Amino acid sequence: MPDSSSALPDLAIDVTGLTKTYAASKKMPAKQALKGVDLAVPRGSVFGLLGPNGAGKSTLINILAGLVNKTSGSVKIWGADADKRPREARAALGIVPQEINMDPFFTPRETLELMAGFYGVPAPERRTDEILDALGLGDKKHAYVRQLSGGMKRRLMVAKALVHTPPILILDEPTAGVDVELRRSLWEYVRKLNANGTTVVLTTHYLEEAQEMCDQIAIINHGAVAACEPTPKLLRRLNYKTLVVRPETELTGVPAAFSGLDASIRKDGQLAIAYKSDATTIEQLLAKLRDAGVKIGDLATEEPDLEDVFMALTSN
Ligand code: ADP
Ligand code: MG
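Residues numbered from 1 in each chain as written. Chains lettered and ligands numbered in written order. Predicted model: local features only at pLDDT ≥ 70, side-chain atom pairs only at ≥ 80, totals over all residues. Heavy atoms only, no water.

So, about the environment of D291. The residue D291 is located in helix α9 (residues 282-291) in this model. On the basis of relative accessibility, which here comes to 70%, the residue D291 falls in the exposed class. When the C-alpha positions of D291 and A257 are compared, they lie 8.3 Å apart, and in sequence the two are 34 residues distant. (Helix = DSSP H or I, 4+ residues; strand = E, 2+ residues; numbered from the N terminus. Buried < 20%, exposed > 50% of the residue type's maximum accessible area, 1.4 Å probe, protein only.)

Quick look at the structure:
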């Protein structure tokens, strides 16, 4: 029998006009944390929410998770409106919050079983041991949570988010304060989940991380989306490269031949020439250098990274 409700949505998450104003409390002043955010997360993507501390990333995620009430706007998760069909909407999400929160007196196994119970996963369908093994916690499943290292707790947080096999996994700053080894294994696992069809949303203020992990990146700053594009397109926005030359003999200034270009002498004496890679070739630049009598000791090219995009978009 055809069942239209089982059709997969094109957008895993569809947020429009989302605003959030926190009321003043004893601890904090009133704050408009989100100022009309639109966000469309394609099903199957790894989507990055990139922004500095205080940008509003966790507020957005906590609204998706149902932990914070929005002020206005609409939120659709896996095709379900979060106001009209909240249970369905939340069931589609696995959330790994920024703060580690766990009952220290349970074992990892008990923690996952409790979570599965909370989501109403019937016992025969539970994947407790499989998930613990996948996250390298198999041999710790009977230890008390308070005896686990920080990295293990972090992995247990991820495990907790997966007990109901959600089609969307959201990770809020999963690698903040996490060592390199764990970061690598965590990303490896997230990639595996994504390859198997899980849509992944992650927040980070590490630019390199977003660049490396995400198909698409939304840059969020002061509660608004400053840019939202496929990662390669975002990088193409800066379609320039920089040729860096170490001259054999010190230059007293930028050679006249480069005065029309964006060229400068760096503190270390290297000559840096920015050029549009679709308009100028390295060969042309090298010919100019030869003509100017510059002897090249060494040379390299540099490409812009997200840091540059980020600086350009959020420097207000
Ligand atoms: P991010 O996760 O990007 O660092 P947050 O969403 O945590 O940003 O915070 C966005 C802004 O909202 C910050 O200025 C923060 O201080 C403020 N904020 C967060 N939670 C509250 C709250 N409960 N009450 C008042 N202001 C808050
Ligand atoms: Mg945050």
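Here we take up the site of ligand 1. Residues in close proximity to ligand 1 total 13 residues, the closest being G54, G56, K57, S58 and T59. Within the backbone of G54, an N or O atom sits 2.7 Å from an oxygen atom of ligand 1. Relative to its unbound accessible surface of 560 Å², ligand 1 loses 74% to contact with the protein. Breaking the shell around ligand 1 down by element, the ones donating at least two residues are β2 (31-42) and α1 (57-65). Looking at the shell around ligand 1 element by element, the count peaks at 3 residues for α1. (Near = heavy atom within 4 Å. Polar contact = N/O pair within 3.5 Å; in protein donor to acceptor, adjacent residues only side chain to side chain. Areas by Shrake-Rupley, 256 points an atom, 1.4 Å probe, with all protein chains shown as cover.)

One open sheet accounts for 6 strands, arranged β6-β7-β8-β3-β9-β10; its pairing is mixed. The open sheet has two free edges, formed respectively by β6 (93-96) and β10 (224-230), since each of these has just one partner strand. Neighbouring strand axes in the sheet, compared pairwise and without regard to direction, differ in orientation by 15° on average. Note: strand β7 (residues 168-172) against strand β8 (residues 199-204), 5 bridges, orientation parallel. Its bridge partner being in β8, I170 is matched across the sheet by V201. Set on the sheet, helix α5 (residues 150-161) makes contact with β6 and β7; between it and β6 the angle comes to about 165°. (Pairing = 2+ DSSP bridges. Axes fitted to C-alpha atoms, helices over the stretch in contact; angles between N-to-C directions. Contact = heavy atoms within 4.5 Å.)

Time to look at the coordination of the magnesium ion (ligand 2). Protein coordination of the magnesium ion (ligand 2) is provided by S58 (OG) and Q98 (OE1), with donor distances spanning 2.1 to 2.2 Å. Placement of S58 in helix α1 and of Q98 in the loop between β6 and α3 (108-118) is noted, with a sequence separation of 40 residues between them. The class of Q98 is partly exposed, set by a relative accessible area of 30%. (Donors = N, O, S within 2.8 Å, 3.2 Å for Na, K, Ca; no water.)

On to the environment of Y189, then. Relative to the assigned elements, Y189 resides in helix α6 (residues 180-195). The class for Y189 is buried, based on a relative accessible area of 12%. Look past the residues within four positions of Y189 in its chain and what remains in contact with it is A134, L135 and L162.

This part is about the sheet that holds strand β13 (residues 271-276). Read from one edge to the other, the open sheet built from 4 strands follows the order β12-β13-β11-β14, with strand pairing classed as antiparallel. The open sheet has two edge strands with one neighbour each: β12 (262-265) and β14 (296-302). When strand polarity is set aside, the average angle formed by the axes of neighbouring strands in this sheet is 20°. The sheet contact formed by β12 and β13 spans 4 bridges and is antiparallel. Residue pairing across strands places I265 opposite L271, the latter belonging to β13.

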